[in-house]
Amino acid sequence: MPDVVVLALKLAFLLLLWLFVLAAVRTIRGDLAPARPTRRSSSAPAPARRAPAPPRRRTRQPTRLVVTEGSLTGATLELAGMPLLIGRAPDSALVLTDDYASSRHARLFPREDHWFVEDLGSTNGTYIAAPGGGMSRVSSPTPVPVGVPVRIGKTVLELRT
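Residues numbered from 1 in each chain as written. Predicted model: local features only at pLDDT ≥ 70, side-chain atom pairs only at ≥ 80, totals over all residues. Heavy atoms only, no water.

Some remarks on the pairing of strand E5 (residues 106-111)
Line of reasoning, step 1. Across 3 bridges, the pairing between strand E3 (residues 84-87) and E5 is antiparallel. Across the sheet, residue Leu-85 finds its bridge partner in E5, namely Arg-107.
Line of reasoning, step 2. Across 6 bridges, the pairing between E5 and strand E6 (residues 114-119) is antiparallel. Residue pairing for E6: Arg-111 is matched across the bridge by His-114.
Line of reasoning, step 3. With antiparallel pairing between neighbouring strands as the criterion, E5 and E6 make up a hairpin whose turn holds 2 residues, including Glu-112 at a positive phi of roughly 55 degrees. (Pairing = 2+ DSSP bridges. Helix = DSSP H or I, 4+ residues; strand = E, 2+ residues; numbered from the N terminus.)

Structure (structure tokens):
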């Protein structure tokens, strides 16, 4: 083979190798970076205001988050009405040692009289027990009733009073 062809093949291989390394670094950096809130474009219409909800009967509010399955079984976190970050990142409120959990996997937060769970773009998803049985994947902020299991990787959590 002519030297020019061999040199071109070497350069093409080197370029492909660098593209692979850059893609791997970008993926790792994206997994380690905190989730960013999405911005609405300025041309998007403002959301319509909802009519006030009718008064509801007061229910007992959950006071703690309990791990019922996984490596942290029995661990309890007191709820202070503040959002909780759940994942492998050391700055999470609940640090999971689960290989199936992302660094910033999910967020548990209060809104009005309910607690909600939101998946933060995790690789393996966040699941909540479905009314008919089984688990359904969380794709948007979803209310979490007291005693209903939420699965993050191999870890299962429940809100308790």
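A few points about helix H1 (residues 3-32)
Spacing of three or four residues puts side chains on the same side of an α-helix, whose turn is 3.6 residues.
Line of reasoning, step 1. Taking 1.5 Å per residue, 30 residues should reach 44 Å; H1 reaches 44 Å between its end C-alpha atoms and fits that length.
Line of reasoning, step 2. Counting buried positions over the 30 residues of H1 gives 0, only a small fraction of the element. (Expected span 1.5 Å × (residues − 1). Buried < 20%, exposed > 50% of the residue type's maximum accessible area, 1.4 Å probe, protein only.)

As for the environment of Val-146
Line of reasoning, step 1. With respect to the helices and strands, Val-146 occurs in the loop between strand E9 (142-143) and strand E10 (150-152).
Line of reasoning, step 2. Those residues in contact with Val-146 that lie beyond four places of it in its chain are Arg-60, Pro-62, Leu-159, Arg-160 and Thr-161. (Contact = heavy atoms within 4.5 Å.)

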